[in-house]
Amino acid sequence: MKDVHETFMNGENLKQKCIEMLHDRGCEVDDIIDIVFDLQKKYIPNLKREVCWDAVDRVLGKREVQYAILTGIELDYLAEEEKLREPLQSLVNSDNPLFGIDEILVLSICNLYGSIGLTNFGYVDKVKPGIIGKLDLEGKQTGKCHTFLDDIIGAIAAAAASSVAHNSHD
Ligand code: MG
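Residues numbered from 1 in each chain as written. Predicted model: local features only at pLDDT ≥ 70, side-chain atom pairs only at ≥ 80, totals over all residues. Heavy atoms only, no water.

The next point concerns the coordination of the magnesium ion. Only Asp-102 (OD), Thr-147 (O), Asp-150 (OD) and Asp-151 (OD) from the protein reach the magnesium ion as donors, at distances of 2.1 to 2.6 Å. The sequence motif formed by the donor residues of the magnesium ion is D-x44-T-x2-D-D. Here Thr-147 lies in the loop between helix H10 (131–139) and helix H11 (149–169) and Asp-102 lies in helix H7 (residues 101–105), a separation of 45 residues in the sequence. Overall, the relative accessible area of 3% leaves Asp-102 in the buried class. Looking at Thr-147, the relative accessible area reads 2%, which means it is buried. (Donors = N, O, S within 2.8 Å, 3.2 Å for Na, K, Ca; no water. Helix = DSSP H or I, 4+ residues; strand = E, 2+ residues; numbered from the N terminus. Buried < 20%, exposed > 50% of the residue type's maximum accessible area, 1.4 Å probe, protein only.)

Two aromatic rings, taken as a pair, are described by how far apart their centres are and by the angle between their planes. For the structure shown, the criterion picks out one aromatic pair. Between the aromatic rings of Phe-99 and Phe-148, the centroid separation amounts to 6.2 Å while the plane-to-plane angle is 85°, which identifies the pairing as edge-to-face. With a gap of 49 residues between them, Phe-99 in the loop between helix H6 (88–93) and H7 and Phe-148 in the loop between H10 and H11 connect regions that are remote in the sequence. Given the relative accessible area of 2%, Phe-148 is considered buried. In this structure, Arg-25 is placed above the aromatic ring of Tyr-77, and the distance from its NZ or CZ to the ring centre is 4.3 Å. (Phe/Tyr/Trp six-rings, centres within 6.5 Å; stacked < 30°, edge-to-face > 60°. Lys NZ or Arg CZ within 6 Å of the ring centre and 35° of its normal.)

Note on placement: Cys-27 falls in the loop between helix H2 (11–24) and helix H3 (29–40). In the structure, Cys-27 is positioned 62 residues away from Gln-89 in sequence and 24 Å away in space, judged by C-alpha atoms. Setting aside residues up to four positions removed in sequence, Cys-27 forms contacts with Leu-22, Ile-32, Ile-131, Leu-135 and Ile-153. (Contact = heavy atoms within 4.5 Å.)

Soluble, globular proteins show a tendency: their nonpolar side chains are buried together. Core analysis: the largest hydrophobic core is formed by 47 residues, its most contacted members being Leu-22, Val-59, Ile-69, Ile-109, Ile-153 and Ile-156. Contributions of two or more residues to this core are made by H2, H3, helix H4 (49–60), helix H5 (63–80), helix H8 (107–110), helix H9 (116–127), H10 and H11. Residues within four places of Ile-153 in sequence aside, it is in contact with Leu-22, Cys-27, Ile-32, Ile-35, Ile-131, Ile-132 and Leu-135. (Core = buried A, V, L, I, M, F, W, Y, C linked by side-chain atoms within 4.5 Å.)

This brings us to the side chain of Asp-150. Following the sequence through the fold, Asp-150 ends up in helix H11. Lys-128 provides the closest opposite charge to the buried, unpaired Asp-150, separated from it by 4.4 Å. Apart from the residues lying within four places of it in its own chain, the contact partners of Asp-150 are Lys-128, Ile-132 and Asp-136. (Lys, Arg positive; Asp, Glu negative; His and termini not counted. Salt bridge = Lys/Arg side-chain N within 4 Å of Asp/Glu carboxyl O.)

Given below as structure tokens:
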């Protein structure tokens, strides 16, 4: 019998697991593609959705992205279930603006394709387009915690948008 670790050593399995986890938390890959498309359409005439899909797929295939997804979403779950110890429980559950570890966790994702990833992330974090705004609101309801999820999604979109931007110049 394979142990859990062995099962998830395969990057493709881990990618599928992450897509499932995002789905269970209310975010589809299509929602992320929408953000990437909106971020890049003003710079790239005739941008095709497939190009954005391909970029998001490549980002989700990266191990550092997968580990950030696993870690962040798990912390959101634990906060919802009130299983974290204080003071972390209150910090995560209330999405305390000074906490900032949710943003730090996803920096490695933002930086996958150069520094414009960071600029894109800052923009997305402020404007909260599409699914990010929806989940942000939902996370403010009692019983829901999306403290890490919104940054994870924003960072994936930001990195994918950077990849699209770089490829369009090549
Ligand atoms: Mg957050």
